[in-house]
Amino acid sequence: MQNFAKSRRISPASTRLYSGASMEPYDEALYREHDVKRGLRNEDGSGVVAGLTRISDVHGYRKEDGRFIPDEGKLTIRGYDIADIIDSAHAEDRFGYEELAYLLITGDLPNDAELESIGARIGNLRLLEDEYVAEFPIPTQSSSIMNVLQRAVLLLYAFDETPDDTSAPHEVDVALSLLARLPRLAAIAHITHEAESSGVRVQVPAPNASSSMAEAILEVLRGGDDYTHEEAMLLDVMLMLHAEHGGGNNSTFTCRVLSSSGTDAYSAYAGAIGSLKGPRHGGANAKVTQMHADIREHVAHWDDDEEVAAYLAQILRGEAFDGSGLIYGMGHAIYTLSDPRAQICKRYARSLADEKGLGEEFALIERIERIAPEVMRRERGIKKPICANIDLYTGFIYSILGVPETLYTPLFAVARMAGWAAHRMEELYGAHRIIRPAYNAVMDDVTYVPIADR
């Protein structure tokens, strides 16, 4: 395996290679001077509108007479409140992710027959062909399950007879096949990596066509049906909360950008997975878990507001935890007063904490949620409202479910597949134009100098 650190030689001839123009940051004043929306964000933090959608709405503020007014968060899918979708399914003691996936892809809620049909189609597509398994990219010993997932999706291109077909029937078929296979691919990648690391022979149970998405994941992780109905229902909630979050989030926008070029579905979804891997996006949930462990280790009295606040200030100053200066799980690009997904997670997390005797850990997370905004305002001078986002609680829930940290972000990708599919198809059939924004050039013209004179 290539070790870049060992092969790198910092000599006079290579100094500029590692400190060239591409590494130089830009002065914030340049963005204002050229009226450039850095990160496709307006001055008030709102997103630059890049398109139209009928898929979902992420509401966290409103604008009145040009003023930015914070508001309670709300997530609607095809016009339905996500909380109503989750609560209605669970009130009937049934899994809801498949219903939500149908709603995202078709635009309508399924009736009994349609829900049964999509569940059966997904279930029947779970089995991976022997030829594909033989080529599965596990032997490369990647340390990232997300990286394995990307390559696994790209490999599926070779097993599709018409992979470049972008007609609606083929797009739906690819989406359903990935909804069926991604959970199994992620879980298999994890247990295979664990088995190879420990020298144990991996045992992967045969797929159960009648299982829900949540059950299919737990079956591979637990080696069979060694899980409770309550655990599967809780994982189902997490999948629904992660299924869709608007067209502007980084991974979905990545999927739409790629799709606007007319490329194949596998390339677009692999690109979205690559985006989601980043610690500023889907990878933040694992960072939150690591941060909570760090706080538990370095704060002696978890119930002391001043002690917790002092350590959070150290994190913000880059003096503690990972040195990034970020309190992971706090703040959001859209939500201001509340993240509705975090509120739902918090409700379930509180119940779980009471059952598992983890009340003190949960209380610490709540304390971080309450104290962090004021610390961030004091240390950073942030004036806009700051609320907890979903990542603050997801790691806690996953840890209670026994989901390994390496699978936190892959499960996010598994769930978001339904949203990516809806946005890809909307981009393919609704927008009809390649996404091609502009960048302002801030450089001078120079005369080329022959190499002998440099």
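Below, the structure is looked at part by part.

What counts and what doesn't
Residues numbered from 1 in each chain as written. Predicted model: local features only at pLDDT ≥ 70, side-chain atom pairs only at ≥ 80, totals over all residues. Heavy atoms only, no water. Axes fitted to C-alpha atoms, helices over the stretch in contact; angles between N-to-C directions. Helix = DSSP H or I, 4+ residues; strand = E, 2+ residues; numbered from the N terminus. Parallel < 35°, antiparallel > 145°, perpendicular 65-115°, else oblique. Contact = heavy atoms within 4.5 Å. Nonpolar A, V, L, I, M, F, W, Y, C, P; charged D, E, K, R; others polar. Pairing = 2+ DSSP bridges. Salt bridge = Lys/Arg side-chain N within 4 Å of Asp/Glu carboxyl O. Phe/Tyr/Trp six-rings, centres within 6.5 Å; stacked < 30°, edge-to-face > 60°. Buried < 20%, exposed > 50% of the residue type's maximum accessible area, 1.4 Å probe, protein only. Lys, Arg positive; Asp, Glu negative; His and termini not counted. Polar contact = N/O pair within 3.5 Å; in protein donor to acceptor, adjacent residues only side chain to side chain. Expected span 1.5 Å × (residues − 1). Patch = residues over 30% accessible without salt bridge, like charges linked within 9 Å, V, L, I, M, F, W, Y side chains within 5 Å. Areas by Shrake-Rupley, 256 points an atom, 1.4 Å probe, with all protein chains shown as cover. Charge placed at Lys NZ, Arg CZ, Asp CG, Glu CD.

## Concerning the packing of helix α16 (residues 359–380) against helix α17 (residues 391–401)
Move 1: Contact geometry for α16 and α17: axes closest at 11 Å, N-to-C directions at 170°. When the axes of α16 and α17 are compared, the pair comes out roughly antiparallel. From α16, E361, F362, I365, E366, I368 and E369 reach across to α17, where they touch L392, Y393 and F396.
Move 2: Counted by class, the contact of α16 with α17 contains six nonpolar, no polar and three charged residues.

## Considering the pairing of strand β2 (residues 67–77)
Move 1: Strand direction decides the pairing type here: strand β1 (residues 56–64) and β2, joined by eight bridges, are antiparallel. Looking at β2, one finds that S56 is bridged to I77.
Move 2: Two successive antiparallel strands, β1 and β2, enclose a turn made up of two residues, where D65 displays a positive phi of approximately 55°.
Move 3: As paired elements, β2 and strand β3 (residues 80–81) share two bridges and run antiparallel to each other.

## What to know about the pattern of salt bridges
Move 1: Applying the stated rule across the entire model yields 24 salt bridges.
Move 2: A salt bridge links E64 to R62; the nearest nitrogen and oxygen atoms lie 2.8 Å apart.
Move 3: A single salt-bridge network, built from bridges that share partners, covers K346, R350, E366 and E369.

## Concerning the sheet that holds β3
Move 1: In space, the three strands of this open sheet follow the order β1-β2-β3, with antiparallel pairing throughout. One side of each edge strand has no neighbouring strand; the edge strands of this open sheet are β1 and β3.

## Considerations on the packing of aromatic side chains
Move 1: Across all of its chains, the model carries eight aromatic pairs by this definition.
Move 2: An angle of 75° between the planes, with centres 6.4 Å apart, marks the rings of Y26 and Y31 as edge-to-face.
Move 3: You can call Y31 partly exposed: its relative accessible area is 23%.
Move 4: An angle of 45° between the planes, with centres 6.1 Å apart, marks the rings of F362 and F396 as tilted. Residue F362 is found in helix α16, and its partner F396 is found in helix α17; the two are separated by 34 residues along the sequence. Comparing F362 with F396 shows no difference in burial state: the two are buried.
Move 5: One aromatic cluster is present, built from ring pairs that chain together F362, Y393 and F396.

## Digging into the side chain of E244
Move 1: Summarising the element assignment, E244 is placed in the loop between α10 (229–242) and α11 (250–260).
Move 2: Within the buried set, E244 has no salt-bridge partner at all; the shortest N-O distance to an opposite charge, 5.2 Å, is to R416.
Move 3: For E244, the side chain forms a polar contact with the side chain of S56, separated by 2.5 Å.
Move 4: For E244, the contacting residues outside a window of four places in its chain are I55, S56, L75, I77, L104, R416, G419 and H423.

## Things to note about the environment of E306
Move 1: Structurally, E306 is set in helix α14 (residues 305–316).
Move 2: When the C-alpha atoms of E306 and I371 are compared, they prove to be 9.1 Å apart, with 65 residues separating the residues in sequence.

## Describing helix α15 (residues 340–356)
One full turn of an α-helix is made of 3.6 residues, so residues set three or four places apart face in the same direction.
Move 1: Taking 1.5 Å per residue, 17 residues should reach 24 Å; α15 reaches 24 Å between its end C-alpha atoms and fits that length.
Move 2: Turning to α15, its buried residues number three or more, namely P340, R341, A342, I344, C345, K346, A349, L352 and A353.
Move 3: Where the residues of α15 are buried, they touch β2, α3 (82–91), α10, α16 and α17.
Move 4: Phi turns positive one or two residues past the end of α15, at G357, with a value near 70°.

## A short note on a negative patch on the surface
Move 1: Residues D93, E230, D354 and E355 make up a contiguous surface patch of negative charge.
Move 2: Topologically, D354 is positioned in helix α15.
Move 3: Classification of D354 as exposed rests on a relative accessible area of 60%.

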